[in-house]
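Fold and contact review
Listed here are the chains, written in short residue letters.
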Amino acid sequence: MKYSIPKFWRRKEGYYQIILTKCRECGKVAFFTYVRCPYCGSSNVELVKSCGRGVVEEFTISYNRVEEGEEYLPKIIAIVRLNEGVRVVGELVDIDLSEVKEGVEVEAVLRRFSSDDPHGLIYYGLKFAPVIKGA
Ligand SMILES: [Zn+2]
């Protein structure tokens, strides 16, 4: 996967943490960054960092191999409801297919996405892994 290095660098904040927009007027939270609240239109918003934890609401298992992508098939793609109440889509890792189910508690973890092989950059981003109890 070929990325422009400056472009990746400029967007790094959004790759390494989950940024949410919180409205000071209506109190609702939306995934990613907005200058206006997508619910009430107010510009009285603040950007907040998600705690990165949530539960799996839905998931699908993909055997689709994408050209130029680093492949660890099958991939488990899930809709995760974050503790802040926002739903995001992400890949589940470090979990056995037989253990994936709705309601599993997960947290965002930094994982390798791809690289410009053989001598290029390695790109990292967030995926979701099961919360280890007691940790
Ligand atoms: Zn609002």
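The text that follows walks through the structure, step by step, so that each part is easy to find. All figures in this text were calculated on a predicted structure; none of them were measured in a lab.

Rules used in this analysis
- Residues numbered from 1 in each chain as written.
- Predicted model: local features only at pLDDT ≥ 70, side-chain atom pairs only at ≥ 80, totals over all residues.
- Helix = DSSP H or I, 4+ residues; strand = E, 2+ residues; numbered from the N terminus.
- Buried ≥ 20, exposed ≤ 12 C-beta atoms within 10 Å, placed from the backbone.
- Contact = placed C-beta atoms within 7 Å.
- Pairing = 2+ DSSP bridges.
- Axes fitted to C-alpha atoms, helices over the stretch in contact; angles between N-to-C directions.
- Core = buried A, V, L, I, M, F, W, Y, C linked by C-beta atoms within 7 Å.

1. Quick look at the overall build of the protein chain
Across its full length, the protein chain carries two helices and eight strands. The secondary structure elements of the protein chain, listed N-terminal to C-terminal, are α-α-β-β-β-β-β-β-β-β. When each of the 135 residues of the protein chain is scored for burial, the buried share is 13%. Considering only contacts in the protein chain between residues 6 or more positions apart, those separated by 24 or more positions represent 48%.

2. Some points on the sheet that holds strand S3 (residues 45-49)
Strand order across the open sheet formed by three strands is S2-S1-S3, with antiparallel pairing between neighbours. Two strands bound the open sheet, and with one partner strand each, they are strand S2 (29-31) and S3. Here the average twist between neighbouring strands, direction ignored, is 30 degrees.

3. Quick notes on the environment of lysine 49
Along the chain, lysine 49 turns up in strand S3. You can call lysine 49 exposed: it has 11 C-beta atoms within 10 Å. Every residue in contact with lysine 49, bar those within four places of it in the chain, is listed here: Gln17 and Ile19.

4. Digging into unusual backbone geometry
At phenylalanine 32, a position not held by glycine, the phi torsion is positive, near 80 degrees. Summarising the element assignment, phenylalanine 32 is placed in the loop between S2 and S3. For phenylalanine 32, a count of 13 C-beta atoms within 10 Å corresponds to the partly exposed category. With a phi angle near 60 degrees, aspartate 94 is a residue other than glycine that sits in the positive phi range. Structurally, the position occupied by aspartate 94 is in the loop between strand S6 (87-92) and strand S7 (105-115). Residue class for aspartate 94 comes out exposed when judged on the 12 C-beta atoms lying within 10 Å of it.

5. A look at the pairing of S7
Each regular strand carries side chains that alternate between the two faces of the sheet. Sheet analysis places strand S4 (residues 53-62) next to S7, joined by three bridges and oriented antiparallel. What sits directly across from arginine 53, in S7, is glutamate 107. Sheet analysis places S7 next to strand S8 (residues 122-130), joined by nine bridges and oriented antiparallel. By the bridge assignment for S8, valine 109 is matched with lysine 127.

6. So, the nonpolar core
Within the largest apolar cluster, 11 residues are counted, these being Ile18, Leu20, Val56, Ala78, Val80, Leu82, Leu92, Val106, Ala108, Leu126 and Phe128. If you tally residues by element for this core, the top one is strand S5 (residues 75-82), at three residues. If sequence neighbours within four positions are ignored, leucine 20 has contacts with Val29, Ala30, Phe31, Val48, Ser50, Glu84 and Val86.

7. Re the pairing of S6
Here six bridges tie S5 to S6, and the two strands are oriented antiparallel to one another. Counterpart to valine 80 in the pairing with S6 is valine 88. Connecting the antiparallel pair S5 and S6 is a turn made up of four residues, with glycine 85 showing a positive phi of about 95 degrees.

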